[in-house]
Structures are given as C-alpha cells and as structure tokens.
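Fold and contact review
Residue strings, one per chain:
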Amino acid sequence: MSAGASETSRRRLSRKHREWLAAALFVAPDALGLLVFLGVPMVLALGLGFFEVTGFGGISFAGLDNYRKMFADPLFFDSLKVTIQYVVGFVVGVFVVSLGLALLVQQKIPFVGFFRSMFFLPHVVSLVVVGLVWQFMLTDGVGVVNQVLEAVGIGGRSWLGDPQLALGTVVLVSIWFFMGYYMIIFLAGLQEIPREYYDAAKIDGARSWQLFRHITWPLLKPTSFFVLLVSTITGVAGLQAFDLIYVMTKGGPANSTSLGIFYIYQQAFQFNDYGYAAAMSSFLVLLLLAATALMFVLTRGGRFETE
Amino acid sequence: MKPSSGSSLLRPTRAALFSLAVVLALLTVFPLFWMVSSAFKGPDEVNSVNLIPTAPTLDNFRYVFTEVPFLRYMLNSLFVATVVTVAALWFHSMAAYALARLRFPGRDLLFFAIFSTLLVALPIILVPLFILVRELGMLDSYVGLIVPAIFNAFGIFLLRQFYIGMPQELEDAAFVDGCGYWGVYWHVILPLSRPILAALAVFFFLANWNSFLWPLTITQNQDLWMIQVAISSFQTQYAGAWNYIMAAATVAAIPTMALFFVFQRQLVESIKTSGFK
C-alpha cells in the first residue's frame, strides 16, 4: 500500500526534480544553520553599530552616535595600533619559525616523526591552558624563566608587567602555539616539490642556499601565501589572541595588550554597550578586508611575482 | 657516483641538524612538561626550579576534584563537544554529498556562499551572535552552547573535496539496486568516508573541548561551565596557588594530548588537506 503510494509520487516527479528535492533536503540543515548563525550575525555586525542596544534587550536607532564616539575614543585607536603591531609581529614571526621547522623536519634525520609530533604538541592544548602555563612560568620573581635568566646572569624581566614587553610576550606565546600547525602546512607544500629538481640542481653543483633560493622558495609560493593569509585573518580577528590576553594580561599593563577584539569584548560584556561594540566590530571587519586585500596585492594574488 | 665524499660531507651536518632538532624539541615541550611537573609539587615546592618534584604529591588533583565541581565541568565539555561533533559530521557530510554529487540549479553559487563564510571569525560576529542567541532564548543553556558551534564551512569544504574524487560506479550500482538518494548516502557515501570522518571527528572534538570565548560569553550559570571557562576562573579565584592551577590545567590538557597521540596521523592529514587543492 505504502510502497504503491510512494511509487506513484515518484512517478509524478521526474528524475531531475527528485534530484533537486533530494539536494535541497541534504543541504538544508547546514545551509539554514550557516545562514542563521553566521550570515545573519555578519549582516547585523555591519548594521548594529547604528543602534543603541542595552543589556536588557532595548534597541533604538542611534544614527551615527556610536561611530562619532568611536572616532573620539583614544582607547579605540590605541587598540587598533596594538592589533596592527600584534598582527605584524605574529604573522612575520610564525612564518619564519614554522618554515624553519618545516625545513628542519623535512631532512632525513633519525626520529623525524617524533620531532614533528613534539613541535605540533603545543597546538593541541587549549589556549587557556597555554596562557596559564606561560603566566606561571613568567611570573615576576618566582617564575622559572626569570629564575633561570638570573642564574645565568642575564637578569629577569617583568615579561607581562612591563608595557614595553607584554605585547611581545603575547606574540611569542602565540607563535609557540601556532608554529606546529603551520609547520605541517609548509611540510605538505615542501613534499609536493618534485625531488628531481633538487637532484638535477645538485648535479649542476648548486649549494643548499641556492637550492632554497631557486627551487624551494619559488615553488613554495602558493603555500606561503596560504600561511600569510590565514595567519593574518586569525591575527586580526583575534581568534587565538583573545583567549591568551583574557588569561594572561586582561589587556594590561596600561592597555598595552588591549587588542581591538578585547576592547570590543569589554565594551559589550563588561559595560553592556553592545551598539558601540558592534560599531567597532564593523570597523574591524573593514580592517580584516583591507588586510586580506593588501596581502593579495603584496603577493600579486599569491603568485609573489617580483617583476 | 662518489658516495664516499658525499656522505663524509653530509655526516657532520646531519648530526648538527639532529642536535638542533633535539634542542628545539626540548624547548618546545618544556612548558607542558613544567605544567605536569608543577601539578605534582606541594605548595612549598611549586615556585622552585626543581625539574622533578622532590616530594611528589597527588594533593593538588584531590583538591581540584573535591573542592571544586571539576568533574561536572569536564562532563559538560564532554557532552557539548560530543554532540557538536556528531551533529556537525552528519550535517556536513549530507551537505557535502549534495554539493559534490547531485546536480541542482544554483549549486555553484550556494557552494561559493558557504565557502565565503570561512572568512567570518567568531570574535568578529560575537556581539551580534550573542544578541541573536539571547533573542532566541538560548542564553545559559546547553542548546546555546551546542547549536551555534555546529555550523562551519571548513568541514563541508573538506568533505566536498573528498566526495568529488569518488568514482561514480559505486553510486550507480546502488541506484540499480533500487536505493534512493538517502540510501546511497547512508550505504555508500558514509561508509566510504569513514577515514576522513574520523579525522574530522578528532578535529571537531578538540576544537570544542578547547573552546573558550563562546562558552565564556553565553554561560553565567556555573552548572553549565565548560572546562576552559572553569580553569580560567580558577586563576582569579586561587591567584598564586599555582600548584592547584597547574593541576587543573593538566587535567584539562591530558585528554587533548592523549587524543593527539592516538590520532595524530589523521589530524595531520586533515590539516594538510585543509591547506588547499
């Protein structure tokens, strides 16, 4: 009975239309979820800045008030400056370190798989744990890093308490956390380069620096572009930095580690000024797009052509 | 053919590279070793530079589990991360199957729209997402922790790449046997994608076990705290009592490190494929 019914309903739909219907049903959960929980917030992120939103659910139109406030807020500009410093330090640092590690663990050395695992290990631990452990190691006076430095006569520093040092410390911890991840990506890129190129160049008497300069570097460009792009996006968006800063410095000392994303979080969830936070978020979106565009221009769409 | 001169030239460099790798690996792992070592130190010893505790103790762990509802926080994280992982794998594999193997109008446009959401990072949309979830009445609930965490384009993208490369014959055979689209998905596509689903499962579970910003933002009720939120509050509550804090951090980190050592091949593979291609 039911089989007969489904048979007729099948006949009513042509094969093409059944395929459409099936596709729509298969895609629906994810498409709707992405629309509601990513698409809508993204549009809201751009529009919410024009409204006054209080912590109790009241929403009223505020025109350009939030944006006027933003351009008159020195702390906002400070947080932008900190964000740019963080991103430049992190992107350059993680690029150099992870490429260096990838070149190292690409060599035929004993236990190379073990070394790869060790370099990747920090990345599987949560950023909260990472922040806590480093804070413990860097504590003024009693932290192990300062004790060791004093023992060898260099003298300790206030790594997280000195406004001149704190941001650099956060950058270093971020690099430590991410270097294994990008090392794997670089390694995948390196393994795609045909061995014959190296063999041929070696027969011609090329030294290792020349091999790197004329074979590895040019052929690795797509990978390099991917790493630069992804690390810039995560850096500007504060994906990893937020957790570290929340745990290690709370934006201090003297706002020296107050990244844009952290300042936005404070305005929204400590001072309940959601409209103002959204206005700054929309500015961060622009910064993100600008950084991505800059990356495309600097690398000529990922091709890195010099001329 | 001049193996003798080649290897005698290479031997010292290889030894140098090996030593360099040893030094760098020790430096890299040291913070994690220090965390575990300090977790076994008593309050008097925790600020010393002893690599191995002179009087190892389990008191810190006992304290963490008895004086704080730490088990509850771990179970919250386990529950949320598991449900998100299962739901995400199910939804993403369905969507990826349709995007890779079925023909329908607007398919490329839809894929592009999904792909472009990869640029949207949580911190950027945190405020509007919070307001949206508040309007939906999902604050301070497991639903609020779970549902927004399910959807991300990364998994769809990876699975679609995988499905595009699959041979058509198996699907055709299933159709001939009288399977509908659901039957093909369930009996052919899913079993064939077991390896990549396993890799993604580890990836998603780790990401959700380690997630901090979203749980921090939407849960005030301590009964709903996930592990990362709990240990971050630990730090303010027990400022300076590093032996307790390191014990809590160790407990939070051990499941992730264990998962990594068991599934590292799958994890590394999924990172490699996420690169591009």
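What you see is a predicted model; the values in this text were computed from it and never measured.

**Some details on the overall build of chain A**
Looking only at helices and strands, one finds 14 helices and 2 strands in chain A. Whereas a compact globule of 307 residues would reach a radius of gyration of roughly 19 Å, chain A reaches 25 Å, over 25% beyond that. Across the 307 residues that make up chain A, the buried fraction comes to 43%.

**Observations concerning unusual backbone geometry**
Residue and element names in this part refer to chain A. Residues Gly 252 and Pro 253 are joined by a peptide bond in cis, for which omega reads -10 degrees. Within the fold, Pro 253 resides in the loop between helix 12 (241-248) and helix 13 (260-269). Positive phi is not limited to glycine here, since Lys 250 has a value of about 50 degrees. The topology assignment puts Lys 250 in the loop between helix 12 and helix 13.

**A look at the nonpolar core**
One finds Met 179 and Met 183 of chain A together with Ala 95, Val 127, Ala 248 and Ala 249 of chain B to be the most contacted residues of the largest nonpolar core, which totals 173 residues. Counting residues per element, this core draws most heavily on helix 8 (residues 166-191) of chain A, at 18 residues. Setting aside chain neighbours within four positions, we find Met 179 of chain A in contact with Val 94, Val 97, Ser 98, Leu 101 and Phe 119 of chain A.

**Some words on the domain arrangement of chain A**
Taken as a whole, chain A is organised into domain 1 (1-39) and domain 2 (65-298). Here the C-alpha centroids of domain 1 of chain A and domain 2 of chain A sit 44 Å apart.

**With respect to the interface of chain B and chain A**
The partner chain A presents 72 residues to the 69 residues of chain B that form the contact. Counting residues per element, the side of chain B that touches chain A draws most heavily on helix 13 (residues 242-275) of chain B, which supplies 14 residues.

**Quick word on the domain arrangement of chain B**
All names here are of chain B. The domains assigned to chain B are domain 1 (3-60) and domain 2 (68-275). Distance between the C-alpha centres of domain 1 and domain 2: 33 Å. Facing the 9 residues of domain 1 at the interface are 7 residues of domain 2. Residue contributions to the side of domain 1 that touches domain 2 peak at 4 residues, all from helix 1 (residues 3-39). When its residues are assigned to classes, the side of domain 1 that touches domain 2 shows 5 nonpolar, 3 polar and 1 charged.

**A closer look at the packing of helix 11 (residues 221-237) of chain A against helix 14 (residues 274-298) of chain A**
Residue and element names in this part refer to chain A. Direction vectors running N to C along helix 11 and helix 14 enclose 160 degrees, while the axes themselves pass 10 Å from each other. Relative to helix 14, the element helix 11 is oriented roughly antiparallel. Every pair of crossing elements has a handedness; the one defined by helix 11 and helix 14 is right-handed. Here helix 11 contributes Leu 228, Leu 229, Thr 232, Ile 233, Val 236 and Ala 237 to the contact with helix 14, which in turn contributes Leu 287, Leu 288, Ala 291, Thr 292 and Met 295. When grouped by side-chain class, the residues that make up the contact of helix 11 with helix 14 number 9 nonpolar, 2 polar and no charged.

**Quick look at the confidence of the model for chain A**
Residue and element names in this part refer to chain A. Averaged over every residue, the pLDDT of chain A is 86; the share at 70 or more is 92%. Considering each helix and strand of chain A separately, the mean pLDDT is smallest for helix 1 (residues 2-12), with a value of 52, and largest for helix 6 (residues 127-138), with 95. This model gives residues 1-5 a pLDDT under 50, and the stretch forms 0 contacts once residues within four places in sequence are excluded.

**Points about the confidence of the model for chain B**
Residue and element names in this part refer to chain B. Looking at chain B, pLDDT values average 87 and 94% of them are 70 or higher. Low confidence marks residues 1-9, where pLDDT is under 50. Its contacts with residues over four positions away, or in another chain, come to 0 contacts. Two numbers describe this predicted complex: its pTM, 0.88, and its ipTM, 0.88.

**Observations regarding helix 10 (residues 194-209) of chain B**
For helix 10 of chain B, built from 16 residues, the straight-helix expectation of 22 Å at 1.5 Å per residue is met to within 8% by its first-to-last C-alpha distance of 22 Å. What helix 10 of chain B keeps buried is the set Ile 196, Ala 199, Leu 200, Ala 201, Val 202, Phe 203, Phe 204, Phe 205, Leu 206, Asn 208 and Trp 209 of chain B.

**Some points on helix 9 (residues 181-192) of chain B**
Residues and elements named next belong to chain B. The end-to-end C-alpha distance of helix 9 is 15 Å, a good match for the 16 Å that 12 residues give at a rise of 1.5 Å each. Taken together, the buried positions of helix 9 are occupied by Tyr 181, Val 184, Tyr 185, Val 188 and Ile 189. Within helix 9, the buried residues cover an arc of 125 degrees as seen down the axis, which keeps them to one side. Exposed side of helix 9, more than 90 degrees from the buried face: Trp 182 and Pro 191 are the residues found there.

**Section: the environment of Ser 224 of chain A**
Residue and element names in this part refer to chain A. Here Ser 224 shows up in helix 11. Judged by C-beta crowding, with 18 C-beta atoms within 10 Å, Ser 224 ranks as partly exposed. Residues Ser 224 and Thr 299, spaced 75 residues apart in sequence, show a C-alpha to C-alpha distance of 9.6 Å.

**Observations concerning the environment of Thr 57 of chain B**
Residues and elements named next belong to chain B. Tracing the sequence through the fold places Thr 57 in the loop between helix 1 and helix 2 (59-67). Owing to 16 C-beta atoms within 10 Å, Thr 57 belongs among the partly exposed residues under this scheme. Setting aside residues no more than four positions away along its own chain, Thr 57 makes contact with Phe 40 and Gly 42.

About the criteria used
- Residues numbered from 1 in each chain as written.
- Chains lettered and ligands numbered in written order.
- Predicted model: local features only at pLDDT ≥ 70, side-chain atom pairs only at ≥ 80, totals over all residues.
- Helix = DSSP H or I, 4+ residues; strand = E, 2+ residues; numbered from the N terminus.
- Rg over C-alpha atoms; globule rule 2.2 N^0.38 Å.
- Buried ≥ 20, exposed ≤ 12 C-beta atoms within 10 Å, placed from the backbone.
- Core = buried A, V, L, I, M, F, W, Y, C linked by C-beta atoms within 7 Å.
- Contact = placed C-beta atoms within 7 Å.
- Domains from an automatic or database assignment.
- Nonpolar A, V, L, I, M, F, W, Y, C, P; charged D, E, K, R; others polar.
- Axes fitted to C-alpha atoms, helices over the stretch in contact; angles between N-to-C directions.
- Parallel < 35°, antiparallel > 145°, perpendicular 65-115°, else oblique.
- Left-handed = near helix turned anticlockwise from the far one by under 90°.
- pLDDT = per-residue confidence, 0-100.
- Expected span 1.5 Å × (residues − 1).
- Arc of directions from axis to C-beta.

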